Amino acid sequence: MNSNRMVIPSSVREAGNDPIFHIAELAKKRIADIGADPVINSTIGSLMDDQGNLVALKSVYSTFRGLKDSEIAGYASIAGLPEFLNSVVYACFKNHRPDGYIEAVATPGGTGAVRHAIANYSEYGDKVLVQDWHWAPYGTIAHENRREIETFTLFDKDGNFNFESYESKMLELLEKQKRVLSILNTPAHNPTGYDISDDEWKKLVAFYTKTANEHPDWRIIILCDIAYIDFAGKGESAREFMTILSGMPENVLPLYAYSASKTMTMYGLRNGALLCVAPTKEIAEEFKATCSFSNRGTWSNGTRSAQATLAKIISNDDLREEFEAEQISWRETLQKRAKAFMDAAKQVDLKTCTYRDGFFISIPCEHREEIRDYLADKKNFFIVALQKGLRFAPCAVNEEKCGKAPALIKEAIDAFD
Ligand SMILES: Cc1ncc(COP(=O)(O)O)c(C=O)c1O
């Protein structure tokens, strides 16, 4: 043991630059040196306008600026402002409210919701099941809370949901742990843009139901991480799965991690919620009591002004319509950008993961870091290298540049092959 260490051994972490942060800094520097036009900066995970400025929805920030000082300065209630908790149920489910006992607890962003699900629905030392392509902080949050993640293979050979891998991992963990928290980031999955289809959800529900009926002592908890939901599908089609994922045995619990970061462009205001669709009143009450206690024991309470803004927008018909019209307009912009990328990818024969919706498109490949560095040095094109490939971000790149990017990536992949 290093005798100079003051941190307890299980909390010792490596220092170092986050690789995404590092490449994002390089992109910023290049833009400062040569201007934005010749640069493709696909490192940012936020919605940017065509000139590269952060999008902040007008309906959100005019409401926020209209708050009284006391609505900004005061504490929120521990579980969240009551008017926020009512409104966030609509923001999460809209017109696809599933049958069941629904409760919500405010959290600082979707991150806080994922934290509470891991801390309260998996046991110390247990493994939480996530997709092999996944948002890296799942691992961080699990470790921080003395859990680990286990992955299943998201795609089958045709680029659809890999039931064989998912079901075998679920059963293996259930045999061992008797409970599993399974996090499914859908729709508009980060980093691939995959949506689990309604038919795939029906098959999943059949699997959960059969497994839960055969083993009443097992606990199956499904956390749907819907961080990007308002940038998926058309109309409310992206929420249809919510009514499918209900009516299961009492030992299956669907949870939802709602994030206002992307849906309301409130990244820094730290606002979100964890919601349950419980099969019984007791399970819903247990959820509410436990997650409220977790709020008190971690961050105490959330950002009052952000909660008040969401509540005012959702509860006022005119404001809500204005807000939803802005969301739709940006979703359409994002869909146009992604289409430009995917059409160009097809033309140059660049293979991507199945993309259906959302902020990111992934390209499975080898030599990821070399390709990232080559594109940055030689082509003024900044892209994120992940464990299994490269991540392009149509959320941050205009349509014209989205159309140019695939040929550059393909050329680089071929050069390093
Ligand atoms: C897949 C996924 N889930 C959850 C979150 C949580 O975001 P926040 O805590 O900002 O709401 C993010 C943010 O990037 C994400 O990509």
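As the structure is a computational prediction, the values presented were derived from the model and not from experiment.

Caption draft 1: Here's a closer look at the packing of aromatic side chains. One pass over the structure, following the stated rule, counts 20 aromatic pairs. Look at Tyr61 and Phe64: their rings are 6.2 Å apart centre to centre, the planes differ by 55°, and that puts the pair in the tilted class. Of the two residues, Tyr61 and Phe64 are both situated in helix H2 (residues 58-65); the distance of three residues between them amounts to about one turn of the helix. Phe64 matches Tyr61 in its accessibility class, with the two residues each being buried. Plain terms: the ring middles of Phe207 and Tyr208 are 5.9 Å apart, the flat faces sit at 55° to each other, and that makes the pair tilted.

Caption draft 2: How the structure looks around the domain arrangement of the protein. As assigned here, the protein comprises domain 1 (17-57 + 323-416) and domain 2 (77-315). When each unit is reduced to the centre of its C-alpha atoms, the spacing between domain 1 and domain 2 is 27 Å. Across the boundary between the two partners, domain 1 contributes 30 residues, which contact 30 residues of domain 2. Roughly 2400 Å² of surface becomes buried between domain 1 and domain 2 when both sides are summed, with 55% attributable to carbon and sulfur atoms.

Caption draft 3: Representation of the pattern of salt bridges in the model. In total, this model carries 21 salt bridges according to the counting rule given. The shortest N-O distance in the salt bridge between Glu150 and Lys127 comes to 3.5 Å. Taken together, the residues Glu150 in strand S4 (residues 148-152) and Lys127 in strand S3 (residues 127-131) connect sequence positions 23 residues apart. Among the residues examined, Lys127 registers a relative accessible area of 25% and is labelled partly exposed. In this structure, the salt-bridge partner of Lys210 is Glu214, at a minimum N-O distance of 3.2 Å. Of the two residues, Lys210 and Glu214 are both situated in helix H8 (residues 198-214); the distance of four residues between them amounts to about one turn of the helix. Note on Glu214: relative accessible area 48%, which makes it partly exposed.

Caption draft 4: Empty space enclosed by the protein, seen in detail. By the definition in use, this model includes one cavity of 30 Å³ or more. For the largest cavity, the full set of lining residues is Tyr90, Ala91, Lys94, Asp230, Tyr258, Ile314, Phe323 and Gln327. Mapped by element, the contributors of at least two residues to the lining of the largest cavity are helix H4 (82-93) and helix H13 (317-348). Grouping the constituent residues of the lining of the largest cavity by class yields five nonpolar, one polar and two charged.

Caption draft 5: Fine view of the site of the ligand. As a matter of local geometry, the ligand sits amid 14 residues, with Thr111, Asp225, Ser259, Ser261 and Lys262 nearest to it. One nitrogen or oxygen atom from the side chain of Tyr228 is found 2.7 Å from an oxygen atom belonging to the ligand. In the model, an oxygen atom of the ligand is placed 2.6 Å from a nitrogen or oxygen of the Ser259 side chain. Relative to its unbound accessible surface of 400 Å², the ligand loses 91% to contact with the protein. According to the grid-proximity analysis, the pocket containing the ligand is the largest pocket. If you list the elements that add at least two residues to the shell around the ligand, you get helix H5 (109-121) and helix H10 (260-263). For the shell around the ligand, the leading source of residues is H5, giving three residues. Looking at side-chain class alone, the shell around the ligand contains four nonpolar, seven polar and three charged residues.

Caption draft 6: Fine view of the nonpolar core. With 84 residues, the main nonpolar core has Tyr166, Tyr208 and Tyr256 as its most contacted residues. No other element matches the seven residues that H4 contributes to this core. Split by domain, the residues of this core number at least three in each of domain 1 (17-57 + 323-416) and domain 2 (77-315). Tyr256 has contacts with Cys92, Phe93, Leu223, Cys224, Ile226, Phe241, Met242, Leu245, Ala273, Leu274, Leu275 and Val277, leaving out every residue within four places of it along the chain. With 25 residues, the next largest nonpolar core counts Ile141, Ala142, Cys276 and Ile283 among its residues.

Calculation notes
Residues numbered from 1 in each chain as written. Predicted model: local features only at pLDDT ≥ 70, side-chain atom pairs only at ≥ 80, totals over all residues. Heavy atoms only, no water. Phe/Tyr/Trp six-rings, centres within 6.5 Å; stacked < 30°, edge-to-face > 60°. Helix = DSSP H or I, 4+ residues; strand = E, 2+ residues; numbered from the N terminus. Buried < 20%, exposed > 50% of the residue type's maximum accessible area, 1.4 Å probe, protein only. Domains from an automatic or database assignment. Contact = heavy atoms within 4.5 Å. Buried area = accessible area lost by both parts, 1.4 Å probe. Salt bridge = Lys/Arg side-chain N within 4 Å of Asp/Glu carboxyl O. 1 Å grid on protein atoms, 1.4 Å probe; cavity = no way out; pocket = protein on both sides within 12 Å on 5 of 7 lines; lining within 4 Å. Points joined across faces, edges and corners; volume = space filled by probe spheres on them. Nonpolar A, V, L, I, M, F, W, Y, C, P; charged D, E, K, R; others polar. Near = heavy atom within 4 Å. Polar contact = N/O pair within 3.5 Å; in protein donor to acceptor, adjacent residues only side chain to side chain. Areas by Shrake-Rupley, 256 points an atom, 1.4 Å probe, with all protein chains shown as cover. Sits in = over half its atoms within 2 Å of the grid points. Core = buried A, V, L, I, M, F, W, Y, C linked by side-chain atoms within 4.5 Å.

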